[in-house]
Amino acid sequence: MTLQISYLNLAHHKNGKRLWLQGLRLEEAGYEIGTLYALHYDDEQHKIVLSLSEQGTNRVSRKRAGAHFYPLIDIVNQQVKTLFESVERVRATIENGTITIDYHEYDQKRIERENRLRMTLEQGRPITTASAAHGAGIMDYYIHQGLADEGYRSSLIWAIEPVNDYLQCSLRNNPIWAYQSVAIEGRLEDVNSSDLEPPLLFCAGLPCVSHSRSGKSKKGLKNGETDESAGNPFISWLALIKQLSPVVILLENVPEYQTSLSMHMIREALSDWQYAVHEIIVDRELGAFEDRKRMAMVAVSRGINFSFDLKPTRQREQFLGEILEDIPDDSNRWKALEYLEAKEARDKAAGKGFRMQLVDQHSSAVLTVGRHYAKFRSTEALVVNEHDPASKRLLTVREHCRVKGIDPSLVDGLSSTKAHQCLGQSVLGPAFQAIGRNIAQCLKQQFPSSVINQAA
């Protein structure tokens, strides 16, 4: 019968590593002051077993606390250091007559997941990936592309997305899917982790509108977590990570997410679960035309070496004219939009900073094109007709793809409104392809002798 479980930090000592147990239920388990016990070091199972024995060579000592003396078990030697070389914490399970000391659960999971990765690479199998808040799978596509650029095959094993149209679009167009991939239609909060296979790489783009400056202002939010669309998903996402123990975790969001309570909790949880968290803001400098910034977090199991070293994956266009389609002057896409001009005049008179974003073939950038771009919002890019400056239009879906560096085939078959939604809440393709390459390059450095697959 288990009487006590203690989670202990190992201390460094000149004679090795040190661990000790004091008081609590040691006496009830038979470990009274002065009692002899034997030590057995199990190198294969990575544990130490203490057992009461009159022939034991170790004795329970004592520790005074106030007016009381309590039993103390103090073990320090090189064998402890060797057995627990790669860990800082252990679990002690105290039963009648026996005490078993082994790895802390989080260290055990870390070692197991790193072994899964090592075996996958050595056996030449694809890196398994999974996706949450999948959308049309655009970020996932470019992560897979980045891995492939460095010779690694990858395989999507499951993806979670609550919007049927987005998930259907990904299934129809995105080559990352295989017959064995599981499509999960639902919220993160709906998913049971026991139904899922653990991936090696887990990607997510959690809801971000309520964390952006404009989103907070529009919804009157003091912090993003109070919005019903953003408060719970990150908790469910963390729960999946804790249970499934991926080796690499990739999260993207708006830059403001870095200062959110959610991100603080994510950092703390991942660090406790033996991940090293790396963050960066990526933008158009990696090869896209749109001036869009996104936070990218790459968390890796502590035994895996990683650092950001991103390189552009393509040459960015110099001017918007290289991207624009030839739209005839008599097309119904061109509109006068007097109401937006009147709104701009009102905003200016009221001292507000909102201005129309007018672009043409000579523009060297466009600002962020968001999810609701199809609504003709005044602060998002409007293309001015070079022959009739009073006429303006939205970027076409194909142009929207091109400014983000996204393959237009990924949103084929969607209505213009839905396509703009998928693209507007997505990422810059070249930036996340660069991250995929970066991850692969770090794996190659750490596992130089592993079999590197040539991607199809």
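Report follows, based on the coordinates. Everything quoted here is computed from the prediction, not taken from an experiment.

Conventions used here
Residues numbered from 1 in each chain as written. Predicted model: local features only at pLDDT ≥ 70, side-chain atom pairs only at ≥ 80, totals over all residues. Heavy atoms only, no water. Buried < 20%, exposed > 50% of the residue type's maximum accessible area, 1.4 Å probe, protein only. Helix = DSSP H or I, 4+ residues; strand = E, 2+ residues; numbered from the N terminus. Pairing = 2+ DSSP bridges. Expected span 1.5 Å × (residues − 1). Contact = heavy atoms within 4.5 Å. Patch = residues over 30% accessible without salt bridge, like charges linked within 9 Å, V, L, I, M, F, W, Y side chains within 5 Å. Areas by Shrake-Rupley, 256 points an atom, 1.4 Å probe, with all protein chains shown as cover. Salt bridge = Lys/Arg side-chain N within 4 Å of Asp/Glu carboxyl O. Lys, Arg positive; Asp, Glu negative; His and termini not counted. Charge placed at Lys NZ, Arg CZ, Asp CG, Glu CD. Axes fitted to C-alpha atoms, helices over the stretch in contact; angles between N-to-C directions. Parallel < 35°, antiparallel > 145°, perpendicular 65-115°, else oblique. Nonpolar A, V, L, I, M, F, W, Y, C, P; charged D, E, K, R; others polar. Right-handed = clockwise from strand over helix to strand, strands pointing away. Core = buried A, V, L, I, M, F, W, Y, C linked by side-chain atoms within 4.5 Å.

Thoughts on the pairing of strand β15 (residues 248–253)
Along any regular strand the residues' side chains alternate between the sheet's two faces.
Step number 1: The buried fraction of β15 is high, at six of six residues.
Step number 2: Residues of β15 alternate between two faces, with Val248, Leu250 and Glu252 on one and Ile249, Leu251 and Asn253 on the opposite face, all of them buried.
Step number 3: Sheet topology note: the β15/strand β18 (residues 294–301) ladder contains six bridges and is antiparallel. Opposite isoleucine 249, over in β18, you have alanine 299 as the bridge partner.

Topic: helix α7 (residues 261–272)
Step number 1: Its twelve residues place the ends of α7 17 Å apart at the C-alpha level, agreeing with the 16 Å of an ideal helix rising 1.5 Å per residue.
Step number 2: Looking at the buried positions of α7, the neighbouring elements they touch are α6 (233–244), β15, β16 (275–282) and β18.
Step number 3: Once α7 finishes, glutamine 274 follows within two positions and takes phi at roughly 75°, a positive value.

Remarks on a negative patch on the surface
Step number 1: A cluster of like negative charges, contributed by Glu325, Asp326, Asp329, Asp330, Asp360, Glu386 and Asp388, occupies part of the molecular surface.
Step number 2: In this fold, aspartate 326 is placed in the loop between β18 and α8 (338–349).

Topic: the packing of α6 against α7
Step number 1: Put simply, α6 and α7 touch, their axes get as near as 11 Å, and they point 10° apart. The angle between α6 and α7 falls in the class roughly parallel. Contacts from Phe234, Trp237, Leu238 and Ile241 of α6 reach α7 at Ser262, Met265, Ile266, Ala269 and Leu270.
Step number 2: Broken down by class, the residue content of the contact of α6 with α7 amounts to eight nonpolar, one polar and no charged.

Focus: the pairing of strand β11 (residues 127–132)
Step number 1: With six of six residues buried, β11 is to be regarded as a mostly interior element.
Step number 2: Inspection of the sheet shows β11 paired to strand β12 (residues 154–161) by five bridges, in the parallel sense. Counterpart to isoleucine 127 in the pairing with β12 is serine 154.
Step number 3: Remark: the β11/helix α3 (residues 138–149)/β12 crossover connection has right-handed handedness.

Topic: unusual backbone geometry
Step number 1: Here alanine 133, not a glycine, exhibits a phi torsion of approximately 50°, which is positive.
Step number 2: Among the structural elements, alanine 133 can be located in the loop between β11 and α3.
Step number 3: Given a relative accessible area of 26%, alanine 133 falls into the partly exposed group.

Some details on the pattern of salt bridges
Step number 1: All chains considered together, the criterion is met by 21 salt bridges.
Step number 2: Here glutamate 252 ties to arginine 294 by a salt bridge, and the two come within 2.9 Å at their closest N and O atoms. Residue glutamate 252 is located in strand β15, and its partner arginine 294 is located in strand β18; the two are separated by 42 residues in the primary sequence.
Step number 3: When its relative accessible area of 5% is taken as the criterion, glutamate 252 is described as buried.
Step number 4: Given the relative accessible area of 5%, arginine 294 is considered buried.

Some thoughts on the sheet that holds β18
Step number 1: Taken in spatial order, the seven strands make up an open sheet running β13-β12-β11-β14-β15-β18-β16, and their pairing is mixed. Two strands bound the open sheet, and with one partner strand each, they are β13 (182–185) and β16. Strand-to-strand twist of the sheet, defined as the mean angle between neighbouring strand axes without regard to direction, takes the value 15°.
Step number 2: Relative to β13, β12 runs parallel, the two sharing four bridges. For alanine 159, the partnering residue across the bridge sits in β13 and is alanine 183.
Step number 3: Seen against the sheet, α7 touches β15, β16 and β18 and runs at an angle of roughly 145° to β16.
Step number 4: Its contacts with the sheet place helix α11 (residues 429–446) against β11, β14 (201–204), β15, β16 and β18, and it is angled at close to 160° to β15.

Topic: the nonpolar core
Step number 1: Counting 47 residues, the largest nonpolar core has Ile138, Ile143, Phe432 and Ile435 as its most contacted members.
Step number 2: Those elements giving two or more residues to this core turn out to be α2 (105–122), α3, α4 (164–173), β14, β15, β18, α10 (416–424) and α11.
Step number 3: A per-element tally of this core places α11 first, with eight residues.
Step number 4: Counting residues in hydrophobic clusters, the runner-up holds 32 residues, among them Val191, Phe234, Leu244 and Met263.

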